[in-house]
Amino acid sequence: MSEHIENADGQGEILIDGNRAPVPYLVKVVRENSSYEVQISLNASRDWLLTQGFEKEATLLRGNGDSISVRADKAVQVGDPLSVVLHAEPETMASREDLLAAFPELDVARMHRL
């Protein structure tokens, strides 16, 4: 059984073909039995994405310096909404300690209570 346990905001940059733009992102944590599943998503400007030649995939440079691939559900086109949701593949962490080490965006005090 899964249980949503935490959301955290991060500030990073989106990278497409060497071009960068600042972007906020969301880290969502769900507990799956004894492990944790982490989901990262962000909203990006459709127009900026199209100007950079974006089709479906970009790189998110997280606040801690790590990079992660983010994707749109479909190829972005001019008629799409102004804000496009990009998401990373979920990542599984074996322990709370591993989770906090890999995702410093999380509120350590709140996570220690869980």
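Residues numbered from 1 in each chain as written. Predicted model: local features only at pLDDT ≥ 70, side-chain atom pairs only at ≥ 80, totals over all residues. Heavy atoms only, no water.

## Overview of the overall build of the protein chain
At step 1: What the protein chain contains, in helices and strands, is 3 helices and 7 strands.
At step 2: Counted from the first residue to the last, the protein chain has its helices and strands arranged as β-β-β-α-β-β-β-β-α-α.
At step 3: Out of the 114 residues in the protein chain, the part that is buried amounts to 38%.
At step 4: For the protein chain, the share of sequence-separated contacts (at least 6 apart) that also reach a separation of at least 24 residues comes to 54%.
At step 5: Both charge centroids of the protein chain, one from 11 positive and one from 19 negative side chains, sit 3 Å from each other. (Helix = DSSP H or I, 4+ residues; strand = E, 2+ residues; numbered from the N terminus. Buried < 20%, exposed > 50% of the residue type's maximum accessible area, 1.4 Å probe, protein only. Contact = heavy atoms within 4.5 Å. Lys, Arg positive; Asp, Glu negative; His and termini not counted. Charge placed at Lys NZ, Arg CZ, Asp CG, Glu CD.)

## Digging into the environment of V78
At step 1: Turning to its location among the elements, V78 is positioned in the loop between β5 (67–71) and β6 (83–87).
At step 2: With 26 residues separating them along the chain, V78 and P104 place their C-alpha atoms 36 Å apart.
At step 3: The residues touching V78, leaving out its near neighbours within four places in the chain, are R46 and L50.

## Details of the pairing of strand β4 (residues 57–61)
At step 1: Taken together, the 3 bridges between strand β1 (residues 2–16) and β4 define a ladder with antiparallel strand orientation. Its bridge partner lying in β4, E13 is registered against L61.
At step 2: Of the strand pairs in this sheet, β4 and β5 are connected by 5 bridges, and their pairing is antiparallel. In the sheet register, A58 faces β5, and the bridge partner there is V70. (Pairing = 2+ DSSP bridges.)

## As for the environment of V38
At step 1: Structurally, V38 is set in strand β3 (residues 35–45).
At step 2: Under the relative-accessibility criterion, V38 is labelled buried at 2%.
At step 3: Sequence separation between V38 and G53 is 15 residues, and the spatial gap between their C-alpha atoms is 28 Å.
At step 4: Other than its neighbours up to four places away in sequence, V38 contacts V27, K28, V29, E89, P90, E91, M93, L99 and F103.

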